[in-house]
Amino acid sequence: MTIDPAARIAELRQQLARHNESYYENDDPEIPDAEYDLLVAELRQLEDDHPEFADGSSPSQTVGGAPNTQFAPVEHRQRMMSLGNAFDADELRDWAAKLERALDGQAVPAYVCELKFDGLAVSLRYEDGELVQAATRGNGRVGEDVTHNVRTIADIPHRLVAGGSGDSDGVVVPSVIEIRGEVYMAIADFDALNAAQVAAGEKTYVNPRNTAAGSLRQKDATITASRKLSFWSYQLGEVVGGPELDGHSDTFSFLASLGMPVNEHAKVVQTIDEVWAFVEHVEAIRHDLPYEVDGVVVKVDSLALQNTLGFTARAPRWAIAYKLPPEERTTKLLDIAVSVGAGGQVTPFAMLEPVFVGGSTVGTATLHNQDQVREKDVRPGDTVIVRKAGDVIPEVVGPVLSERPKGLPEWVFPTECPVCDTPLIRPEGEARNRCPNYTCPQQVRGRIQHFVSRGAMDIEGFGESRVDLFVSEGMLSDVGDIYSLDFERIGAMEGFGETSVTNLQSAIEESKKMPLGNLLFGLRIQHVGATVGEVLAAGFGNLDAIIAAEKEQISDIEGLGPVIADSVHAWFNDPDHLAVIDKLRAAGLNLEGPELIDVPQTLEGLTVVVSGGLTGFSRDEVQTAIKSRGGKSPGSVSKKTTALVLGENPGGSKVTKAEELGIPTLNEAQFVELLETGQVPDAAP
Ligand code: IVH
C-alpha cells in the first residue's frame, strides 16, 4: 500500500493538533507521550522528505498548545523552547557530531547531563528578589499566569535571598531574574492523594504528571495548595544584573545560592561516551527515584558556545532530550481470556497486539479480576494504553475511548471454567472468581509445579513442561503420584534419554529427605508460606502432631494466628488431602520436624526491653531468646519493664525513660546472665 504523503501529513497535523489540545490545554492526554513522539517523528520525516508541504504553523514546528483562556496570558520575554529528542546512543552521537561541524571542527569541551523531570515547565520571574510572576510554557511565546497557584508550592521561595543554600559569599541577587524549571508531584505524594481519593470514594488520578499539571492550573489556589507539588529549577531566562556566569553548571550553584531547589543528579562530563554512561546510570536508578523522570537532558556547558550555536525555530541547538524507553504505549486489545491458577483462582488477562514498552515486547497483560475489567471498561477491539514500569508486570491502564469502534460490545466474564467447564464461583467478599473443582487439570498442574519448585521440594529437572506432560498423560493426578512414577514408561517417551531419566529419578529420591517445613510449604495450604511451614514444623515436631492438632493448639504457637490455624486445620481434615499424605508417607518422605528443645522458662512474668544492636544476637534472635523463655519484649519502656538491655547505639528516649522510672539497664553479658538465671544482675555501670 502506498501512502499519499500530502494526505498523511494533513492527517498527522490534525491528530497532533488534537493531542496538543488535550495535553497542554486540558491536562488530559488521550495517548502516552511516547506515542505522541512517534507521531511527531513521523510527521517530521515526511516534511523533511517532502519540503513542498512545509508549513511554519505545522505542529512539528511549534511547541505546546494555545494558552488556556481561564488564565491571563503572559508573554515570555525569552521564548520557552522545547527540546529536540534522541532515542538511542547513535542519535546522541549524531547530535554531538552536528555540534562539532557547527563549531568548525571543535568538539564541545563539556556537557551538563540532567534528569528530565516528568512534570510541567514554568517560568518564575523575580524582580528585586520578589516573586512577581509565574507562568506556564503555553505555546512557548505566550503562557498562562499561574502566580497565585505557584505561591502555594513550598519549594518555591517567595523571596530570593543571597545565601539560600548557606554559601552566600559575594552572591548578588539580580534585579530581574527568570528561573525556569519543572513543577512535579513526588510519587509518594501522588500515591497519598490517590489513597485519599479511594477513601473518599472518588475517582483516582492517572499519573503524577497530569495530576501536577491539573493541580497547578486550578482557578482556586486553595485546591493547588491542598496538593503537594514540588519544583526543580534548571534554566535561566531573562537576567538583569547578578554575577557573570561562564557555564550552565555555574547556573546551578548560583540558583542553589539563591535558595532555589536544584537536583543533585546533574553532572558535568567531557565526552559523549560519558553522556551515554550517565544515561545508563539513570536507566538503572530510574525506579528508585522518588519522582518520575522520562529522560536525560544534555546541554552544552559553555554559555559562550551556547550563544554561538543558537536556536532552530523550535529548540536550542545546544541541548537535546534523550528519551528513556517508553513505559506507556497504546496497542489493540485483541481479546480477553482467563487463566486458572493452582488455587483455582480465575484471572482475566489481555491478549494484545505485541507492543514494545518498558524495555520489552508485551503481548499479554494482566487485568487482575472481574471488577477491574468492569471499572476500566476495556473491550476486545479497543485501543488500550499499556504500562510497564521497570520489572512491574505489564498492565492495561485503560481504553482510548476516542478510538473505540461504534457499538463495541462490553466483555462478559465467563461463567464456567475454561479448562474443566465447572461453573465458576465467587466467594463472598473476595475479588477473585474461582473454579471450585479440586481435580481441574489446570489446578492439578499448578499444585504439582509448586510442589517441585525451588522454595518447596526443589526437585531438579522437573520443569513446567514435564509436569504438563505427565499430567496430560494421566501419570500424575496429585503430588503423591510423583513418588510412584513409572520410569520405564518415561524412558520410552520422546525427549527422555537414559541420563535424564536417571537424573530425574535421583532428584525425586533426594527430595524425600527435604525438611518438613518445605513439605508443608509444598502442599500449597492457603496462608502457609515457607516461613509458616518452618514454624509449624518446629512447633509440632512432626506431621502427625500437626494433623491431630486442634485449631487453638495451632494458633497458640508464636507467629501463627487464627487465620492460619483455620486454614491448616481445614486442610488436614479433608479426606482427599489425607489420601495424598498417605501416598507421601508410604513413599518414605521425611515427616519429622527439627528436634524440639525444651527451653527453661526463666523469664516467666518478666518484661525485657532491648535497645540498640547486640553482637551475639540478630534482632529476631533477641526476640526469640526472650519469648521462648516465657518473657515479654515490647518496643518501649514502661512501669512494667523489668530491665532495659543496651546494645550499640541505643535509642535515647528509652534510656531517659528508664532513668526516670528507675529501671535497671543491662549490657549484653548481663543480658545473657538474665536469660540463663532469670535474675536481674546488678545494673550496668
Ligand atoms: S531545559 C531551552 N532541563 O522537558 C531548554 N527541560 O522537551 C529548555 N524538562 O519544556 C528546557 N527536565 O518541561 C530542561 N532538566 C531539564 C528538564 C526539562 C524536564 C522538560 C521541560 C521542557 C521539556 C523539553
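Please read all numbers here as calculations on a predicted model, not as lab measurements.

What counts, and where the lines are drawn
Residues numbered from 1 in each chain as written. Predicted model: local features only at pLDDT ≥ 70, side-chain atom pairs only at ≥ 80, totals over all residues. Heavy atoms only, no water. Buried < 20%, exposed > 50% of the residue type's maximum accessible area, 1.4 Å probe, protein only. Helix = DSSP H or I, 4+ residues; strand = E, 2+ residues; numbered from the N terminus. Contact = heavy atoms within 4.5 Å. Near = heavy atom within 4 Å. Polar contact = N/O pair within 3.5 Å; in protein donor to acceptor, adjacent residues only side chain to side chain. Areas by Shrake-Rupley, 256 points an atom, 1.4 Å probe, with all protein chains shown as cover. Nonpolar A, V, L, I, M, F, W, Y, C, P; charged D, E, K, R; others polar. Core = buried A, V, L, I, M, F, W, Y, C linked by side-chain atoms within 4.5 Å. Axes fitted to C-alpha atoms, helices over the stretch in contact; angles between N-to-C directions. Parallel < 35°, antiparallel > 145°, perpendicular 65-115°, else oblique. Left-handed = near helix turned anticlockwise from the far one by under 90°. Patch = residues over 30% accessible without salt bridge, like charges linked within 9 Å, V, L, I, M, F, W, Y side chains within 5 Å. Salt bridge = Lys/Arg side-chain N within 4 Å of Asp/Glu carboxyl O. Lys, Arg positive; Asp, Glu negative; His and termini not counted. Charge placed at Lys NZ, Arg CZ, Asp CG, Glu CD.

> I tried to follow helix 8 (residues 248-257) on my own but got confused; where do I start?
In an α-helix, one turn spans 3.6 residues, which is why side chains three or four residues apart end up on the same side. Taken together, the buried positions of helix 8 are His-248, Thr-251, Phe-252, Phe-254, Leu-255 and Ser-257. In the core, the buried residues of helix 8 are packed alongside strand 3 (111-117), strand 7 (176-184), strand 8 (230-240), strand 10 (293-300) and helix 10 (303-309). Looking one or two places after helix 8, you find Gly-259, whose phi comes out positive at around 95 degrees.

> What is the right way to read the side chain of Ser-611 from this model?
Residue position: Ser-611 is located in strand 18 (residues 608-611). Discounting chain neighbours no more than four positions away, the residues touching Ser-611 are Leu-644, Val-645, Leu-646, Gly-647, Pro-650, Gly-651 and Lys-654.

> Help me understand the site of the ligand, please; the structure alone is not making it clear to me.
Near the ligand, the surroundings consist of 14 residues, among which Glu-114, Leu-115, Phe-117, Arg-137 and Glu-182 are the closest. Within the backbone of Leu-115, one N or O atom sits 3.0 Å away from a nitrogen atom of the ligand. Between the ligand and Glu-182 there is a distance of 2.8 Å, counted from an oxygen atom to a side-chain nitrogen or oxygen. Bound to the protein, the ligand loses 90% of the 520 Å² it would expose on its own. Taken together, the elements giving at least two residues each to the shell around the ligand come down to strand 3 and strand 10. A total of four residues in the shell around the ligand trace back to one element, the largest contributor, which is strand 3. Per-class residue counts for the shell around the ligand are eight nonpolar, one polar and five charged.

> Mind showing me how you'd approach the environment of Ile-393 here?
Relative to the helices and strands, Ile-393 resides in the loop between strand 15 (383-387) and strand 16 (395-399). Note: C-alpha distance between Ile-393 and Ala-625 (232 residues apart in sequence) is 40 Å. With sequence-adjacent residues up to four places away left out, Ile-393 is seen in contact with Thr-366 and Arg-387.

> Is there a simple way to explain the nonpolar core in this structure?
Most often, soluble globular proteins have nonpolar side chains that are buried together. Residues Leu-92, Tyr-111, Leu-124, Tyr-126 and Leu-216 are the most contacted members of the largest nonpolar core, which totals 69 residues. By residue number, the principal contributor to this core is helix 9 (residues 272-285), which donates seven residues. Apart from the residues within four sequence positions on either side, Leu-216 is in contact with Leu-120, Val-122, Val-146, Asn-149, Val-150, Ile-153, Val-183, Thr-224 and Leu-229. In terms of nonpolar packing, the next biggest core, distinct from the first, is built from 51 residues, Phe-451, Ile-546, Ile-554 and Ala-565 among them.

> Mind showing me how you'd approach the packing of helix 12 (residues 441-452) against helix 13 (residues 464-472) here?
For any two helices packed against each other, the geometry is given by the interaxial angle and the distance between the axes. Closest axis-to-axis distance for the helix 12/helix 13 pair is 10 Å, and the angle between their directions is 135 degrees. By the angle between their directions, the pair helix 12 and helix 13 is classed as oblique. The interaxial crossing formed by helix 12 with helix 13 has right-handed handedness. In contact with Pro-441, Val-444, Arg-445, Ile-448, Gln-449 and Val-452 of helix 12, helix 13 contributes Glu-464, Val-467, Asp-468 and Val-471. Across the contact of helix 12 with helix 13, the residue classes tally to six nonpolar, one polar and three charged.

> What exactly am I supposed to notice about the packing of helix 1 (residues 5-25) against helix 2 (residues 33-49) here?
Interhelical geometry of helix 1 versus helix 2 gives an angle of 145 degrees and a closest axis separation of 10 Å. Here the hand of the crossing between helix 1 and helix 2 comes out left-handed. Of the residues in helix 2, those in contact with Pro-5, Arg-8, Ile-9, Leu-12, Arg-13, Gln-15, Leu-16, His-19, Asn-20, Tyr-23 and Tyr-24 of helix 1 are Asp-33, Tyr-36, Leu-39, Val-40, Glu-42, Leu-43, Leu-46 and Glu-47. Here the residues of the contact of helix 1 with helix 2 sort into 11 nonpolar, three polar and five charged.

> I tried to follow a negative patch on the surface on my own but got confused; where do I start?
Negative charge collects at one region of the surface, where Asp-88, Asp-90, Glu-91 and Asp-94 lie side by side. Looking at where Asp-88 falls in the secondary structure, it is placed in the loop between strand 2 (84-86) and helix 3 (89-102). Assessed through its relative accessible area of 33%, Asp-88 is described here as partly exposed.

So yeah, pure geometry; function would need other evidence.
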